[in-house]
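Chain residues, written in single-letter form:
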Amino acid sequence: MKYICLSAFLLAFSIAAFAQKADLVLINGNIVTLKQKGDRAQAMAIAGDKIMAEGSVQEISKYIDKNTKVIDLKGKTVLPGFNDVHQHPAPLYTFDKPYATLELDTVTSMKNLVALLKRKAAITPKGMLIRGVGYNETKLGGQPIRDSLDKASADHPIIISHVSGHLSAANSMLMEMNGIDENTVDPAGGAFERYPNSKRPDGICKEVAASYLHKSKQIKYPPKPTADEEMEGYRKYFSNVLASGVTSIGDAWTTPEKVVIYRKLVAEGFPMRFNVLMGTPYAADLINGKIQRSNTDHLRIQGVKVIHGNSLSGKTCWLYEPYDMINRVTGKKDYYGIPPARSQASLDSLFLAIHKAGLQIACHSNGDREIDMVISAIEKAQKAVPRGDARHRIEHCSITNQGILDKIKADGIVPVFHCYMYELGEKMQVYGEKRMAMLHPTKTAMDMGIVYALHSDAPISPYPAMIRLGSAVNRKTKDGGIVIGANQRIDAEDAIKAYTYGGAYTTFEEEKKGRLIAGQLADLIVLDQDPTTIDSDKIYDIKVTMTVAGGKVVFGK
Ligand SMILES: [Zn+2]
């Protein structure tokens with residue numbers, strides 16, 4: 001009896017499934033499914049948050065009934081929503097808010113920088129700290145040393161951080177408040193830049209040295225936004241990200257306070273999908289369960305972000321061979337970057353603790369000498385506690401060589417390459433031709449069958465999907481048109497796959513999202529041009545006209 005009931009139920013269920021109609025159908029499109037390379041569908045049926053089927057208009061029309069919303073794409077191109085696996089999301093505030101930090105990545109001269117800081121100083125109470133992020137010394141025509149920042153204000157302490165996030169510039173008021181002068185010695189893992197032939201710091205503080213700028217108790221910080229203002233700032237930020245073609249993001253250094261924000265966004269039904277990597281100081285709480293893990297379609301908390309090594313664009317990452325530039329202090333080519341402050345032994349034990357707890361390691365590392373330390377620590381952890389398919393990640397994974405890639409492949413490590421040549425390519429020239437040929441080696445890794453992801457590291461480089469895609473395909477600088485590592489170029493469809501399937505792979509979700517095939521989450525973007533056929537220099541100009549996340553139109557119409 002029991003069995004009869006069960007088969008009757010299954011029969012009824014399969015009839016229902018066959019008769020199921022779509023909530024949303026897209027027709028007359030150029031749908032890049034990523035099922036195989038070159039595969040295109042004309043139409044797609046979506047029910048709830050998943051794709052039911054893709055195929056020809058005729059095949060898909062059977063899913064339409066009177067309640068189905070049908071969108072005629074009129075030949076437009078559809079891609080899976082991009083997955084920007086490594087960002088540093090921050091709430092968006094308007095300039096006049098006292099807690100708003102200035103965005104400096106678009107400032108193109110020292111004069112404009114000083115003028116902008118002056119405008120901010122004019123609406124900021126005297127003595128209160130003024131903050132900016134993302135300055136680019138290539139655009140400014142030099143580092144914004146204290147002399148420049150002093151012109152903006154002598155009544156406000158000022159701190160602005162470099163686009164790499166690895167150096168900060170301060171004005172004299174802030175340097176003096178923190179007692180940083182000619183007698184201050186460089187800390188391990190950091191350096192104060194000095195005026196030529198002098199010990200006097202010029203205001204540029206590298207790596208660990210930048211933390212000295214926050215030591216003084218006298219610093220008057222701007223008031224904090226209220227919890228509601230902050231939530232609104234995050235909604236604004238993530239709405240912009242969705243509109244730019246990105247439907248999943250990774251936060252590559254999350255604090256417990258930010259976890260609360262992500263949980264709130266998910267609870268209110270915000271359509272973005274979040275992968276949270278806790279910052280190293282919170283690893284213990286994640287391991288012991290004080291921070292709860294999560295593994296849903298909208299929120300994953302399963303990993304720890306570790307920073308081991310320094311910056312590529314900030315020219316501080318640690319190398320085996322010296323940088324291709326003259327060391328200002330010695331007058332020779334003998335600068336190898338700054339060694340990581342953490343020893344191999346301490347990295348080994350940190351990784352082992354994370355690995356043993358069944359969590360994923362995502363370790364920032366740029367220089368070849370740093371990357372080898374990271375691989376060695378992963379290998380030791382795996383040897384001590386073997387764990388199949390752990391997919392530990394190396395973030396940025398910039399200066400590589402064949403030996404590094406062989407180990408990455410053998411160890412099942414997932415490289416998460418940056419590819420920001422469009423914005424910061426000029427800075428790569430200090431690594432010389434030989435190293436540039438294996439910098440973010442997207443082609444070599446692909447040919448070796450290594451699955452990898454790409455990312456913006458926003459705000460280090462901007463997150464809009466088409467800018468990132470253009471940068472990965474062209475590897476060309478925006479201003480000079482210099483190509484960095486032409487041998488590592490990949491075509492648009494392979495780069496799209498890295499941004500979608502590759503992104504999903506980094507979070508063990510490749511069976512769930514990243515391709516436009518039946519059963520996967522209906523996260524997709526509609527474009528006004530086809531990036532796989534357009535002149536690759538024009539990819540940046542392609543417009544995202546619609547974003548669908550979880551089967552719902554969340555941007556455009
Ligand atoms: Zn980062």
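Everything numeric here is computed off the predicted structure, so don't read it as measured data. (Residues numbered from 1 in each chain as written. Predicted model: local features only at pLDDT ≥ 70, side-chain atom pairs only at ≥ 80, totals over all residues. Heavy atoms only, no water.)

## Notes on the coordination of the zinc ion
Coordination angles at a metal have ideal targets, namely 109.5 degrees for four tetrahedral donors and 90 or 180 degrees for six octahedral donors. Those protein atoms acting as donors to the zinc ion are His86 (NE2), His88 (NE2) and Asp457 (OD), and they sit at 2.1 to 2.2 Å. We note that the donor set of the zinc ion lies within a single chain, spaced as H-x1-H-x368-D. Overall, His86 belongs to the buried group, its relative accessible area being 0%. With a relative accessible area of 28%, His88 lands in the partly exposed category. (Donors = N, O, S within 2.8 Å, 3.2 Å for Na, K, Ca; no water. Buried < 20%, exposed > 50% of the residue type's maximum accessible area, 1.4 Å probe, protein only.)

## Details of the domain arrangement of the chain
Taken domain by domain, the chain holds domain 1 (102-214) and domain 2 (227-555). For domain 1 and domain 2, the distance between their C-alpha centres works out to 28 Å. At the interface, 17 residues of domain 1 touch 17 residues of domain 2. Of the roughly 1300 Å² buried where domain 1 meets domain 2, counting both sides, 56% is carbon and sulfur surface. Looking at the side of domain 1 facing domain 2, the largest losses of area belong to Val163, His166 and Glu207, adding up to 32% of the total buried there. Joining domain 1 to domain 2, the criterion identifies 2 salt bridges. Between Lys315 and Glu137 there is a salt bridge, with the nearest N and O atoms lying 3.9 Å from each other. Applying the counting rule to domain 1 against domain 2 returns 4 residue pairs in polar contact (both at pLDDT 80 or more). Those elements giving two or more residues to the side of domain 1 that touches domain 2 turn out to be α4 (137-140), β13 (190-194) and β14 (201-207). In terms of residues, the side of domain 1 that touches domain 2 owes the most to one element, β13, which gives 3 residues. For the side of domain 1 that touches domain 2, the per-class residue count stands at 4 nonpolar, 8 polar and 5 charged. (Domains from an automatic or database assignment. Contact = heavy atoms within 4.5 Å. Buried area = accessible area lost by both parts, 1.4 Å probe. Salt bridge = Lys/Arg side-chain N within 4 Å of Asp/Glu carboxyl O. Polar contact = N/O pair within 3.5 Å; in protein donor to acceptor, adjacent residues only side chain to side chain. Helix = DSSP H or I, 4+ residues; strand = E, 2+ residues; numbered from the N terminus. Nonpolar A, V, L, I, M, F, W, Y, C, P; charged D, E, K, R; others polar.)

## Considerations on the nonpolar core
Phe82, Phe238 and Met466 are the most contacted members of the largest nonpolar core, which totals 75 residues. Core analysis: the second largest hydrophobic core is formed by 19 residues, Val114, Leu116, Tyr135 and Leu140 among them. (Core = buried A, V, L, I, M, F, W, Y, C linked by side-chain atoms within 4.5 Å.)

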